[in-house]
Amino acid sequence: PASMVCPGGRIYEQREATVSELKKIDGISFVKNNSAFYIFPKLDVKKFNITDDKKFARDLMHATDILLVPGSGFDWNEQDHFRIVMLPEAETLRDAIRRMGTFLDGYKQN
């Protein structure tokens, strides 16, 4: 239903929670989507010294219990993207992305 994707609707609010928290993380950029249940943020690979997106995903998971799919899982050739599925409740997404931001603050892949 259209109401789910309008302000106040569940899907709309989940996307807004995701993008509002992603905007707060230095070193992440993204295109705000309009019609999908996922977003594909880009990491500043120089800032975080990322040479292996799978290692980034493992480091994040081990440190925070947040599971995401690295861009290479979607045949993305660079090591600079990952995918977030925006189906959890808005507050769950907010919390996870805040924890990701805390993890990334000072993160350097080795």
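The paragraphs below set out a description of the structure included in this document. Bear in mind the structure is a predicted one, so any value in this text is a computation, not a measurement.

A closer look at the overall build of the chain
Next, step 1: Scanning the chain for helices and strands turns up four helices and five strands.
Next, step 2: Secondary structure of the chain in N-to-C order comes out as α-β-β-β-α-α-β-β-α.
Next, step 3: Referenced to the eigenvectors of the C-alpha coordinate spread, the extents of the chain come out at roughly 45 × 25 × 20 Å.
Next, step 4: With 110 residues in all, the chain has 40% of them scored as buried.
Next, step 5: Charge separation in the chain, taken as the distance between the mean sites of 16 positive and 16 negative side-chain charges, equals 2 Å.

Considering the packing of helix α3 (residues 53-64) against helix α4 (residues 90-104)
Next, step 1: For the pair α3 and α4, the least separation of the axes is 10 Å and the interaxial angle reads 110°. Taken together, the axes of α3 and α4 lie roughly perpendicular to each other. Of the two elements, α3 crosses α4, and the hand of that crossing is right-handed. Side by side, α3 and α4 meet where F56, D59, L60, A63 and T64 of the first sit next to R99, M100, F103 and L104 of the second.

What about the environment of D105?
Next, step 1: Mapping D105 onto the fold places it in the segment after α4.
Next, step 2: When the C-alpha positions of D105 and G27 are compared, they lie 9.2 Å apart, and in sequence the two are 78 residues distant.

Procedures and definitions
Starting from 1, residues in each chain are numbered consecutively following that chain's sequence as written. Totals for whole chains, interfaces and linings use all residues, but because this is a predicted model, local features are given only for residues with pLDDT of at least 70 and pairs of side-chain atoms are given and counted only at 80 or more. Hydrogens are left out, water is left out, and the side-chain values use all remaining heavy atoms of the structure. A helix here means a DSSP run of H or I that spans at least four residues, while a strand means a run of E at least two residues long, and both kinds are numbered starting from the N terminus. Burial status follows relative accessibility: with a 1.4 Å probe on protein chains alone, a residue under 20% of its type maximum counts as buried, one over 50% as exposed, and anything between as partly exposed. Under the convention used here, Asp and Glu are negative, Lys and Arg are positive, and both His and the chain ends fall outside the count. Charge placement uses NZ in Lys and CZ in Arg. For Asp and Glu, CG and CD serve respectively. Convention adopted: a line fitted to C-alpha atoms gives each axis, helices being fitted over their contacting stretch, and angles between N-to-C directions are expressed from 0 to 180 degrees. By the definition adopted for this analysis, an angle is roughly parallel if under 35 degrees, roughly antiparallel if over 145, roughly perpendicular if from 65 to 115, and oblique otherwise. In a left-handed crossing the near helix is turned counterclockwise from the far helix by less than a right angle, and in a right-handed crossing that turn is clockwise. Residues are treated as being in contact if the distance between any of their heavy atoms lies within 4.5 Å.

Honestly, that's just the spatial picture; any functional story needs more than this.
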